[in-house]
Amino acid sequence: QNTEYDRQALFHQQGFRPMRYFFEMRRDLSQPIAEPTLPDGIDLLPWTPDLDDRAFDAFNEAFRDHWGFEPIGKDDWNKWVIGNESFRRDLSFIVAAGDEVVGISFNVIEEEVNARSGRSDGWIADLAVRRPWRKRGLATALLNRSMLAFRAAGVSFACLGVDVENPTGALSV
């Protein structure tokens, strides 16, 4: 029987060593979720098509701090991100300061995966806040709004992947 430990041993035998660790987290949405709060002058909005270009800019800027990140091109963004069949625009959100998108919560539900696993998971696939706007509770507000939306849509669990060494403090959100 193959286990994760067997795979790790095989990789080590071949000279591979871990470079980075990531957590995959899952939260039961039947537990209490705080209503999002934001500083004055910041709005939390549904992700509408007219925000796609500004969300694209915010995504590339915010993730430039992420380990190994390469900026995504507009064509790939349109095809693999907002064009992804699992993308749930109705369950995704942005935070804006005036016309500027300063943070995003890009959310997906992978129906086929849920059907195969017998689970009801919604994924916060990308949660990002631009550098100048960090440490103001925007990521927490996006996370909470996303979880509330998932719950309202009948999803049982919210999932999120986090880089353990993320320099923005994402693990503490």
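Remember, predicted model here, so these are calculated numbers, not experimental data. (Residues numbered from 1 in each chain as written. Predicted model: local features only at pLDDT ≥ 70, side-chain atom pairs only at ≥ 80, totals over all residues. Heavy atoms only, no water.)

1. Focus on the overall build of the protein chain
Okay, so step 1: What the protein chain contains, in helices and strands, is five helices and six strands.
Okay, so step 2: Against the globule reference of 16 Å for 173 residues, the protein chain gives a C-alpha radius of gyration of 17 Å, in line with a compact fold.
Okay, so step 3: Counting only C-alpha atoms, the protein chain reaches 55 × 35 × 30 Å along its principal axes.
Okay, so step 4: Sequence-distant contacts in the protein chain: of pairs separated by 6 or more residues, those separated by 24 or more amount to 70%.
Okay, so step 5: Accessible area for the protein chain stands at about 10300 Å²; split by element, carbon and sulfur atoms hold 51% of it. (Helix = DSSP H or I, 4+ residues; strand = E, 2+ residues; numbered from the N terminus. Rg over C-alpha atoms; globule rule 2.2 N^0.38 Å. Contact = heavy atoms within 4.5 Å. Areas by Shrake-Rupley, 256 points an atom, 1.4 Å probe, with all protein chains shown as cover.)

2. Here we look at a nonpolar patch on the surface
Okay, so step 1: On the surface, a nonpolar cluster with roughly 330 Å² of combined accessible area is contributed by L10, F11 and F16.
Okay, so step 2: In this fold, L10 is placed in helix α1 (residues 4-13). (Patch = residues over 30% accessible without salt bridge, like charges linked within 9 Å, V, L, I, M, F, W, Y side chains within 5 Å. Salt bridge = Lys/Arg side-chain N within 4 Å of Asp/Glu carboxyl O.)

3. A look at helix α5 (residues 138-152)
Okay, so step 1: In a regular helix each residue adds 1.5 Å, so 15 residues correspond to 21 Å; α5 covers 21 Å between its end C-alpha atoms and thus fits that length.
Okay, so step 2: When you tally the buried positions in α5, you get 11 out of 15 residues, the bulk of the element.
Okay, so step 3: Turning to α5, its buried residues number three or more, namely L138, A139, A141, L142, L143, N144, S146, M147, L148, A149 and F150.
Okay, so step 4: Residues of α5 that are buried sit in contact with β1 (22-28), β2 (43-46), β3 (93-97), β4 (100-108), β5 (121-129) and β6 (157-163).
Okay, so step 5: Once α5 finishes, G154 follows within two positions and takes phi at roughly 90°, a positive value. (Expected span 1.5 Å × (residues − 1). Buried < 20%, exposed > 50% of the residue type's maximum accessible area, 1.4 Å probe, protein only.)

4. Comments concerning the pattern of salt bridges
Okay, so step 1: Summed over all chains, the structure comprises nine salt bridges.
Okay, so step 2: Linking D121 and R26 is a salt bridge whose minimum nitrogen-to-oxygen distance equals 3.1 Å. Taken together, the positions of D121 in strand β5 and R26 in strand β1 put the pair 95 residues apart, joining distant regions of the chain.
Okay, so step 3: We classify R26 as partly exposed; its relative accessible area is 38%.
Okay, so step 4: A single salt-bridge network, built from bridges that share partners, covers R26, R119 and D121.

5. A word on the nonpolar core
Okay, so step 1: Grouped together as the largest cluster of nonpolar side chains are 24 residues, with contacts concentrated most on L29, W133, L138, M147 and F150.
Okay, so step 2: Mapped by element, the contributors of at least two residues to this core are β3, β5, α5 and β6.
Okay, so step 3: Element by element, the count of residues in this core is highest for α5, at eight residues.
Okay, so step 4: Setting aside its immediate chain neighbours within four residues, M147 contacts R27, L29, I33, I124 and A158.
Okay, so step 5: Formed by 22 residues, the second largest nonpolar core is a distinct cluster that contains F56, F63, I82 and W123. (Core = buried A, V, L, I, M, F, W, Y, C linked by side-chain atoms within 4.5 Å.)

6. Concerning the side chain of N114
Okay, so step 1: Within the secondary structure, N114 is located in helix α4 (residues 111-117).
Okay, so step 2: Non-local contacts of N114, meaning those with residues more than four positions away in its chain, are made with I109, R119, S120 and D121.

7. A few points about unusual backbone geometry
Okay, so step 1: Its identity is not glycine, yet K135 carries a phi of approximately 70°, on the positive side.
Okay, so step 2: Tracing the backbone shows K135 in the loop between β5 and α5.
Okay, so step 3: The class for K135 is exposed, based on a relative accessible area of 71%.

8. Digging into the layout of surface pockets
Okay, so step 1: In this structure, the second largest pocket occupies an estimated 190 Å³ of space.
Okay, so step 2: Lining the second largest pocket we find E4, R7, Q8, F11, H12, F16, R17, P18 and Y21.
Okay, so step 3: When grouped by side-chain class, the residues that make up the lining of the second largest pocket number four nonpolar, two polar and three charged. (1 Å grid on protein atoms, 1.4 Å probe; cavity = no way out; pocket = protein on both sides within 12 Å on 5 of 7 lines; lining within 4 Å. Points joined across faces, edges and corners; volume = space filled by probe spheres on them. Nonpolar A, V, L, I, M, F, W, Y, C, P; charged D, E, K, R; others polar.)

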